[in-house]
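The lines below spell out each chain.
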Amino acid sequence: MMTNLIDVPCEDDGVCEYDLHNLALYAALMDAADAGFSWQESAGQILGLDECDLISFDLYERHLQRARWIVGKGLQSALIAFSDRT
């Protein structure tokens, strides 16, 4: 369950500190979506949000979109960000 969610994850074309701290969250969201879990299940079980609250859908959707960006167009930026941390 997440306790440090922000309403809007990074939306720029670079990987930010929030992304680096939440890679496991992003992976869990993508795995759940790919496995056919509903957004309500993911919002409740992974993000620790009230799945009856429509704001939870927005948070879920924004974080899932960011996760998909990281493994898609943002992969090169993510790899660079991780190599800079070592």
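Fair warning: this is a prediction, and the values are worked out from it, not measured in the lab.

A. Region of the structure containing helix α2 (residues 23-34). When the terminal C-alpha atoms of α2 are compared, their 16 Å separation across 12 residues agrees well with the 16 Å that a helix rising 1.5 Å per residue should span. For α2, the full list of buried residues reads Leu25, Tyr26, Leu29, Met30 and Ala32. One side of α2 holds all its buried residues, which, seen down the axis, span an arc of 165°. The exposed residues of α2 that point more than 90 degrees off its buried face are Ala24, Asp31 and Asp34. Among the structural elements, α1 (17-21), α3 (39-45) and α4 (54-71) are those in contact with the buried residues of α2. Looking one or two places after α2, you find Gly36, whose phi comes out positive at around 90°.

B. Representation of the packing of α4 against helix α5 (residues 75-85) in the model. Between α4 and α5, the shortest axis-to-axis distance is 6 Å and the interhelical angle comes to 80°. In terms of orientation, α4 lies roughly perpendicular with respect to α5. Packed against α4, whose contacting residues are Trp69, Ile70 and Val71, the element α5 presents Leu75, Ser77 and Ala78 at the interface. When grouped by side-chain class, the residues that make up the contact of α4 with α5 number five nonpolar, one polar and no charged.

C. Looking closely at the side chain of Ser56. As for its placement among the helices and strands, Ser56 is situated in helix α4. Side-chain polar atoms of Ser56 contact the backbone oxygen of Asp50, separated by 2.6 Å. Among all residues touching Ser56, those that are not within four sequence positions of it are Trp39, Ala43, Leu49 and Asp50.

D. Structural detail: the side chain of Ser42. By the secondary structure assignment, Ser42 is in helix α3. Ser42 gets classed as buried once you look at its relative accessible area, which sits at 1%. Apart from the residues lying within four places of it in its own chain, the contact partners of Ser42 are Leu29, Ala32, Phe37, Leu47 and Tyr60.

E. Representation of the pattern of salt bridges. Taken as a whole and assessed by the stated rule, the structure comprises three salt bridges. Note that Arg66 and Asp19 form a salt bridge whose closest N and O atoms lie 2.7 Å from each other. One end of the pair, Arg66, is in helix α4; the other, Asp19, is in helix α1, with 47 residues separating them in the sequence. Judged by its relative accessible area of 0%, Asp19 is buried.

About the criteria used
- Residues numbered from 1 in each chain as written.
- Predicted model: local features only at pLDDT ≥ 70, side-chain atom pairs only at ≥ 80, totals over all residues.
- Heavy atoms only, no water.
- Helix = DSSP H or I, 4+ residues; strand = E, 2+ residues; numbered from the N terminus.
- Expected span 1.5 Å × (residues − 1).
- Buried < 20%, exposed > 50% of the residue type's maximum accessible area, 1.4 Å probe, protein only.
- Arc of directions from axis to C-beta.
- Contact = heavy atoms within 4.5 Å.
- Axes fitted to C-alpha atoms, helices over the stretch in contact; angles between N-to-C directions.
- Parallel < 35°, antiparallel > 145°, perpendicular 65-115°, else oblique.
- Nonpolar A, V, L, I, M, F, W, Y, C, P; charged D, E, K, R; others polar.
- Polar contact = N/O pair within 3.5 Å; in protein donor to acceptor, adjacent residues only side chain to side chain.
- Salt bridge = Lys/Arg side-chain N within 4 Å of Asp/Glu carboxyl O.

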